[in-house]
Amino acid sequence: MALPGPVLAPVDVNAVQRQRDCGAHGQILASRLDLGYYAALRPEAAALRLENCTLPESGWGLLVLERARPQATKRWTNSGEIHESRRLKHRAEKETREIPIPPALVAALREHVDAYGTATDRRLFRTGKEGTYSSSAHAYVWLEARKLALTPEQVGSPLAARTYDLRHTALSLWLYAGVPPAEVAKRAGHSVDVLLRVYAKCIDSQQHRINGKINDALDG
């Protein structure tokens, strides 16, 4: 897995916004991608409603996730639709998940709502016909954005090859910043065991920082 990192990831998201041929769609999808990088969201982003968001004029905000809208083949959904509202992954029915969000994402979501409003059911992200953007739409815009943001050598590499890599980047960044694994797992919506198994290298990379803190304590 090749992750874009804390500097390159926002560049990739901004490149999505610069795609003239995508128009408003590029802007809307860029806001969706912001949720991957800043809040580590999965398909929950598609079901996010304005009521789920606390977006103050300044400072940190909060997302309270209630439902997800994963994409599946029509024959595998109860409604016959490609996207179907379901409970959160690894959560009981009606169980929610809270994710504090940084000022950068708060501002991006406020701008998004001001520019595009919401769907009739108050979802933040919807197509012109009130539907949900497909995974292929996200993939197309992301791949085009990579061409704008990366060098030709990077485009030909696995670096940030999938939009889902933004979620991995977010979790890796939180761990590298020293956020306790239990808190990262809570915000990510999975167990500490999965977190440590998948992102152990991110924790290992903090060894020199941890050694420095121990040295400071010993010297003190």
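Reading the values: the criteria
Residues numbered from 1 in each chain as written. Predicted model: local features only at pLDDT ≥ 70, side-chain atom pairs only at ≥ 80, totals over all residues. Heavy atoms only, no water. Helix = DSSP H or I, 4+ residues; strand = E, 2+ residues; numbered from the N terminus. Buried < 20%, exposed > 50% of the residue type's maximum accessible area, 1.4 Å probe, protein only. Contact = heavy atoms within 4.5 Å. Pairing = 2+ DSSP bridges. Axes fitted to C-alpha atoms, helices over the stretch in contact; angles between N-to-C directions. Parallel < 35°, antiparallel > 145°, perpendicular 65-115°, else oblique. Left-handed = near helix turned anticlockwise from the far one by under 90°. Nonpolar A, V, L, I, M, F, W, Y, C, P; charged D, E, K, R; others polar. Salt bridge = Lys/Arg side-chain N within 4 Å of Asp/Glu carboxyl O.

Undergrad: Would you mind going over the overall build of the protein with me for this structure?
TA: The secondary structure content of the protein amounts to nine helices and five strands. Helices (α) and strands (β) of the protein occur, in sequence order from the N terminus, as α-α-β-β-β-β-β-α-α-α-α-α-α-α. By the burial criterion, 40% of the 220 residues in the protein qualify as buried. Intrachain contacts of the protein at a sequence separation of at least 6 include 63% that bridge at least 24 residues.

Undergrad: Help me understand the sheet that holds strand β1 (residues 53–54), please; the structure alone is not making it clear to me.
TA: The pairing of strands in a sheet comes from backbone hydrogen bonds and takes either a parallel or an antiparallel form. Spatially, three strands are ordered β1-β2-β5 in an open sheet, and the strand pairing comes out antiparallel. Strands with a single pairing partner mark the edges of an open sheet, and in this sheet they are β1 and β5 (97–101). As judged from the two bridges shared by β1 and strand β2 (residues 61–65), these two strands associate in the antiparallel manner. If you follow C53 over to β2, its bridge partner there is L63.

Undergrad: Just checking my understanding: could you explain the packing of helix α6 (residues 165–176) against helix α7 (residues 181–188) for this structure?
TA: Two quantities define a packed helix pair, namely the angle between the axes and the distance from one axis to the other. Where α6 meets α7, the closest approach of the two axes is 10 Å, and the angle between their N-to-C directions is 155 degrees. Accordingly, the angle class assigned to the pair α6 and α7 is roughly antiparallel. The handedness of the crossing between α6 and α7 is right-handed. Of α7, the residues touching α6 (which contributes R167, L171, W174 and L175) are P181, V184, R187 and A188. Grouping the constituent residues of the contact of α6 with α7 by class yields six nonpolar, no polar and two charged.

Undergrad: Even after reading the chapter, I still don't get the pattern of salt bridges, so can you show me in this structure?
TA: Once their charged atoms are close, side chains differing in charge can pair, the charge on each being opposite to the other. For the structure on display, the rule yields eight salt bridges. A salt bridge links R49 to E66; the shortest N-O distance between them is 3.0 Å. Within this pair, whereas R49 is found in the loop between α2 (23–39) and β1, its partner E66 is found in the loop between β2 and β3 (67–68), the two being separated by 17 residues in sequence. A relative accessible area of 28% places R49 in the partly exposed class. On the basis of relative accessible area, E66 is assigned to the partly exposed category, the value being 32%. Its salt-bridge partner being R162, residue D165 comes within 2.8 Å of it at the nearest N-O pair. Residue class for D165 comes out buried when judged on its relative accessible area of 3%. According to the relative accessible area criterion, R162 is partly exposed, its value standing at 41%. When salt bridges that share partners are traced, they join R49, E51, E66 and R122 into one network.

It is worth stressing that arrangement in space is one thing and function is another; only the former is reported here.
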